[in-house]
Amino acid sequence: MKGPHVLSFALDPDLQEPFRRSARYAVEVIGDVLGLQVVETEESNGVDLYYGNDPSRIAAARLSIAREAPHVWLDAEPRRVDIDGLPVLSCGTPPSSLVGNGGRRILVDLPMAIFRLLSGWDESSVSERDRHGRVPGRASLPGRLGLIDIPVVNRYIDFLRQRLDATGRRFPAVERWPHGKRYAVGLSHDVDRPQKYD
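Residues numbered from 1 in each chain as written. Predicted model: local features only at pLDDT ≥ 70, side-chain atom pairs only at ≥ 80, totals over all residues. Heavy atoms only, no water.

Chemist: How should I be thinking about the sheet that holds strand E7 (residues 99–100) in this particular structure?
Modeler: Adjacent strands of a sheet form backbone hydrogen bonds with each other and so pair up, either parallel or antiparallel. If you trace the six strands from one edge of the open sheet to the other, you get E2-E1-E3-E4-E8-E7, paired in mixed fashion. Bordering the open sheet on either side are strand E2 (37–40) and E7, each of which pairs with just one other strand. Bridging between strand E1 (residues 6–11) and E2 involves four bridges; their strand directions are parallel. Counterpart to Leu7 in the pairing with E2 is Val38. (Pairing = 2+ DSSP bridges. Helix = DSSP H or I, 4+ residues; strand = E, 2+ residues; numbered from the N terminus.)

Take a look at the structure:
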């Protein structure tokens, strides 16, 4: 399925569960932010985004993203490395540049970084809690890495969009906020212990 509102992607066939689910989750987040329908395919020829390290699939995709060994992402604390002005998470040896292969290969594992930042994966190993049992921001992964005030996942997605645009695959722009506004306010509430009011 192709079209201006469809992002096709393929995962490395060697990627096993639960890492396949984690990668799918990250690509779906990318699609949601970009306002695109995300379609997974087994085909690598002409796919918009390939996540993996198979040389033939890398050559066939518009854009590919390097995949670090999954166990590294489970066993290690990610560290922040600023590469080309972008704060990236790395559990292995970080590259010196974000892109290679003529700009068609992203050399850092952005899907696993997105997953780790958004899933709360690290919160189960954090012992520090506030009086409500929550992990304080400073003790969270973004807090420990100095990313608490940086919309890093949005920066990753903006970077991916720029790289896809550079391959000639342009997606219609989606306004981040309605009617061209600079921001929006969304009011919400959270009920921790519902009880009848007396």
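Picking up where we left off.
Chemist: How do you make sense of the nonpolar core when you look at a structure like this?
Modeler: In summary, soluble globular proteins display a tendency toward joint burial of nonpolar side chains. Val88, Leu89, Ile106 and Tyr156 are the most contacted members of the largest nonpolar core, which has 42 residues in total. For this core, the elements supplying multiple residues, two or more each, are E1, helix H1 (19–34), strand E3 (49–51), strand E4 (63–65), strand E5 (79–83), strand E6 (86–90), helix H4 (110–119) and helix H6 (152–166). Apart from the residues within four sequence positions on either side, Tyr156 is in contact with Leu86, Pro87, Val88, Leu89, Leu110, Ala113, Ile114 and Leu117. Ala10, Val47, Tyr50 and Ile58 belong to the second largest nonpolar core, which has five residues in total. (Core = buried A, V, L, I, M, F, W, Y, C linked by side-chain atoms within 4.5 Å. Buried < 20%, exposed > 50% of the residue type's maximum accessible area, 1.4 Å probe, protein only. Contact = heavy atoms within 4.5 Å.)

Chemist: Is there a simple way to explain empty space enclosed by the protein in this structure?
Modeler: Empty space among the atoms becomes apparent when a probe as large as a water molecule is rolled across them. The final tally for this structure, using the stated rule, is two cavities of 30 Å³ or more. The wall of the largest cavity is formed by Pro18, Phe19, Ser22, Trp73, Leu74, Met112, Phe115, Arg116 and Trp121. Mapped by element, the contributors of at least two residues to the lining of the largest cavity are H1, helix H3 (70–75) and H4. Top contributing element to the lining of the largest cavity by residue count: H4, with three residues. For the lining of the largest cavity, a count of residues per class yields seven nonpolar, one polar and one charged. Taken as a whole, the second largest cavity encloses approximately 40 Å³ of empty space. If you trace the second largest cavity, you find it lined by Ala10, Leu11, Pro13, Arg20, Glu40, Thr41, Glu42 and Arg57. Across the lining of the second largest cavity, the residue classes tally to three nonpolar, one polar and four charged. (1 Å grid on protein atoms, 1.4 Å probe; cavity = no way out; pocket = protein on both sides within 12 Å on 5 of 7 lines; lining within 4 Å. Points joined across faces, edges and corners; volume = space filled by probe spheres on them. Nonpolar A, V, L, I, M, F, W, Y, C, P; charged D, E, K, R; others polar.)

Chemist: Got a minute to help me understand the packing of aromatic side chains in this structure?
Modeler: Given two aromatic rings, their pairing is described by the distance between the two centres and the angle made by the two planes. One pass over the full model with this rule turns up two aromatic pairs. In textbook terms, an aromatic cluster arises when at least three aromatic residues are bridged by ring pairs, as seen for Tyr25, Phe115 and Trp121. (Phe/Tyr/Trp six-rings, centres within 6.5 Å; stacked < 30°, edge-to-face > 60°.)

Chemist: Can you walk me through the packing of H1 against H4 in this structure?
Modeler: The angle between the axes and the distance between the axes are what describe a pair of packed helices. It is at 8 Å that the axes of H1 and H4 come closest, and there the two elements cross at 85°. In this view, H1 runs roughly perpendicular relative to H4, as classed from their interaxial angle. Here Phe19, Ser22, Ala23, Tyr25, Ala26, Val29 and Ile30 of H1 lie close against H4, whose contacting residues are Pro111, Met112, Ile114, Phe115, Leu118 and Ser119. Taken together, the residues of the contact of H1 with H4 break down into 11 nonpolar, two polar and no charged. (Axes fitted to C-alpha atoms, helices over the stretch in contact; angles between N-to-C directions. Parallel < 35°, antiparallel > 145°, perpendicular 65-115°, else oblique.)

Chemist: Looking at this structure, I do not really get unusual backbone geometry. What am I missing?
Modeler: Note: most residues except glycine have negative phi, and most peptide bonds are trans. For the bond running from Glu17 to Pro18, omega is 5°, close enough to zero to count as cis. Even without glycine at this site, Asp84 takes up a positive phi of about 50°. Relative to the helices and strands, Asp84 is located in the loop between E5 and E6. For Asn101, which is not glycine, the phi torsion reads 55° and is therefore positive. As for its position among the elements, Asn101 is in the loop between E7 and strand E8 (105–106). Taking relative accessible area as the criterion, Asn101 reaches 45% and is therefore assigned partly exposed.

Chemist: Even after reading the chapter, I still don't get a nonpolar patch on the surface, so can you show me in this structure?
Modeler: Residues Trp177, Tyr183, Val185 and Leu187 make up a contiguous nonpolar surface patch of about 530 Å² in total accessible area. Note on placement: Trp177 falls in the segment after H6. Exposure remark for Trp177: the relative accessible area of 34% places this residue in the partly exposed category. (Patch = residues over 30% accessible without salt bridge, like charges linked within 9 Å, V, L, I, M, F, W, Y side chains within 5 Å. Areas by Shrake-Rupley, 256 points an atom, 1.4 Å probe, with all protein chains shown as cover. Salt bridge = Lys/Arg side-chain N within 4 Å of Asp/Glu carboxyl O.)

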